[in-house]
Amino acid sequence: MVNKKRKAIMDDGMNPELVRGARFDGVFEIPIVEKPADIIIPEEIIPFSKIHNNDISKAAVGFYEMDPVFADILISPQDYTEIFSKAMAVISPDCSLYRDAPLTVQIANVYRNRAIGHYFQYRGIYVIPQVRWGNELTYTTTVFPEKIAFLGVEKHSIVSIGSYGCIKSREDKYYFQAGLDAMLETLEPKVVLVYGSKSPKVFDKYENYTHFIQYLDWTTRRKAGD
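Our subject in this report is the structure included herewith. Nothing here was measured: the structure is a model prediction, and the numbers come from that model. (Residues numbered from 1 in each chain as written. Predicted model: local features only at pLDDT ≥ 70, side-chain atom pairs only at ≥ 80, totals over all residues. Heavy atoms only, no water.)

What to know about the side chain of aspartate 172
Part 1 of the argument: Note on placement: aspartate 172 falls in helix H5 (residues 170-187).
Part 2 of the argument: Residue classification places aspartate 172 among the buried residues on the basis of a relative accessible area of 17%.
Part 3 of the argument: A distance of 3.1 Å separates polar atoms of two side chains, one belonging to aspartate 172 and the other to arginine 99. (Helix = DSSP H or I, 4+ residues; strand = E, 2+ residues; numbered from the N terminus. Buried < 20%, exposed > 50% of the residue type's maximum accessible area, 1.4 Å probe, protein only. Polar contact = N/O pair within 3.5 Å; in protein donor to acceptor, adjacent residues only side chain to side chain.)

Some points on helix H3 (residues 103-122)
Part 1 of the argument: The end-to-end C-alpha separation of H3 is 28 Å, in line with the 28 Å expected for 20 residues at 1.5 Å each.
Part 2 of the argument: Of all 20 residues making up H3, 15 are buried, and the element is well covered by its neighbours.
Part 3 of the argument: Backbone geometry just downstream of H3 places glycine 124 in the positive-phi region, at approximately 90°. (Expected span 1.5 Å × (residues − 1).)

Examining empty space enclosed by the protein
Over the atoms, a rolled probe matching the size of one water molecule traces out where space is still vacant.
Part 1 of the argument: Scanning all chains against the criterion turns up three cavities of 30 Å³ or more.
Part 2 of the argument: Quantified by volume, the second largest cavity comes out at close to 40 Å³.
Part 3 of the argument: Pro93, Asp94, Cys95, Leu97, Asn109, Val110, Asn113, Arg114, Gln130 and Arg132 together form the lining of the second largest cavity.
Part 4 of the argument: Across the lining of the second largest cavity, the residue classes break down as four nonpolar, three polar and three charged. (1 Å grid on protein atoms, 1.4 Å probe; cavity = no way out; pocket = protein on both sides within 12 Å on 5 of 7 lines; lining within 4 Å. Points joined across faces, edges and corners; volume = space filled by probe spheres on them. Nonpolar A, V, L, I, M, F, W, Y, C, P; charged D, E, K, R; others polar.)

Brief notes about the pairing of strand E4 (residues 59-62)
Part 1 of the argument: Neither face of E4 is left uncovered, since the one carrying Ala59 and Val61 and the one carrying Ala60 and Gly62 both have all their residues buried.
Part 2 of the argument: Of the pairings in the sheet, the one linking strand E3 (residues 44-47) to E4 comprises four bridges and is parallel in character. In the sheet register, proline 47 faces E4, and the bridge partner there is glycine 62.
Part 3 of the argument: Where E4 lies against strand E5 (residues 89-91), two bridges are found, and the strand directions are parallel. Bridge pairing in E5 links valine 61 to valine 90. (Pairing = 2+ DSSP bridges.)

Quick look at the nonpolar core
Part 1 of the argument: Ranked by internal contacts, the top residues of the largest apolar core, which has 48 residues, are Phe48, Ile51, Val61, Phe63, Ile73, Phe84 and Phe120.
Part 2 of the argument: No other element matches the eight residues that H3 contributes to this core.
Part 3 of the argument: Sequence-distant contacts of phenylalanine 120, that is, excluding residues within four places in its chain, are made with Ile73, Pro77, Tyr80, Thr81, Phe84, Ile125 and Val127.
Part 4 of the argument: With 23 residues, the next largest nonpolar core counts Val131, Ile161, Ile167 and Leu187 among its residues. (Core = buried A, V, L, I, M, F, W, Y, C linked by side-chain atoms within 4.5 Å. Contact = heavy atoms within 4.5 Å.)

Some details on the sheet that holds strand E8 (residues 191-195)
Part 1 of the argument: On the basis of which strands lie adjacent, the open sheet formed by three strands has the order E7-E8-E9 and parallel pairing. A strand with exactly one partner marks an edge of an open sheet, and here the two such strands are strand E7 (158-162) and strand E9 (211-215). Going from strand to strand, the sheet's axes swing by 25° on average, the running direction of each strand aside.
Part 2 of the argument: With five bridges connecting them, E8 and E9 associate as parallel partners. Opposite valine 192, over in E9, you have phenylalanine 212 as the bridge partner.
Part 3 of the argument: Packing of H5 onto the sheet brings it into contact with E7, E8 and E9, and relative to E7 it is tilted by some 175°. (Axes fitted to C-alpha atoms, helices over the stretch in contact; angles between N-to-C directions.)

Description of H5
Part 1 of the argument: Given a rise of 1.5 Å per residue, 18 residues ought to cover 26 Å, and the 25 Å separating the end C-alpha atoms of H5 matches this to within 8%.
Part 2 of the argument: Considered for burial, the residues of H5 that qualify are Asp172, Tyr175, Phe176, Gln177, Ala178, Gly179, Leu180, Ala182, Met183, Leu184 and Leu187.

What to know about a nonpolar patch on the surface
Part 1 of the argument: On the surface, Met66, Val69 and Tyr98 cluster together into a nonpolar patch covering about 320 Å² of accessible area.
Part 2 of the argument: Locating tyrosine 98 in the fold gives a position in the loop between E5 and H3. (Patch = residues over 30% accessible without salt bridge, like charges linked within 9 Å, V, L, I, M, F, W, Y side chains within 5 Å. Areas by Shrake-Rupley, 256 points an atom, 1.4 Å probe, with all protein chains shown as cover. Salt bridge = Lys/Arg side-chain N within 4 Å of Asp/Glu carboxyl O.)

Let's talk about the sheet that holds E5
Part 1 of the argument: Spatially, E3-E4-E5-E6 is the arrangement adopted by the four strands of the open sheet, whose pairing is parallel. Both edges of this open sheet fall to E3 and strand E6 (127-128), since each of them pairs with a single strand only.
Part 2 of the argument: Bridge count for E5 against E6 is two bridges, and the pairing is parallel. Bridging across to E6, valine 90 finds its partner in valine 127.

Here it is, written out as structure tokens:
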């Protein structure tokens, strides 16, 4: 009988080299995107899929698109270091945190967001953390002693959030506002970039908490001829 040795052919997909040099936050050891020395405000946010046809020198590269569109970033971020270095800033990937997804998946996507953010920051690129929350388990301490959605982001800095497609229904608005409440209370950001709608019904009550800067979504801008 031939003795065959089995080979491990599975890759965990988490790319441990991404977090070389990182500090970690919380019981889940989420990589930290460090607070920048100075707050830089980009003139616009250009979607990842549009960076090859647009000047990104005064813009932030954003990932407010379907996850498969920026899958290459999660797999091979090293391929984009050079082009991202030409941008004013890069917003860490907006990996989806669907409310009905298993909590482990939501945690994994918070990790991916921060790991990629750290990777580019470690290479000298100005990174703005994208903050995304899912169901109440990610932005409360109902299950864990920490609010998972906000781990790896330092207080009193600049963050980015996406409202595009997130406040359509009454239920969507409830979760968005509940998470926004928790984010502002936890991180106390100085500046919040908002990609998408900035509905007064949702945002007006927070105007004294921080400085919001709105960026229209790419589709709306193009329809308006910008």
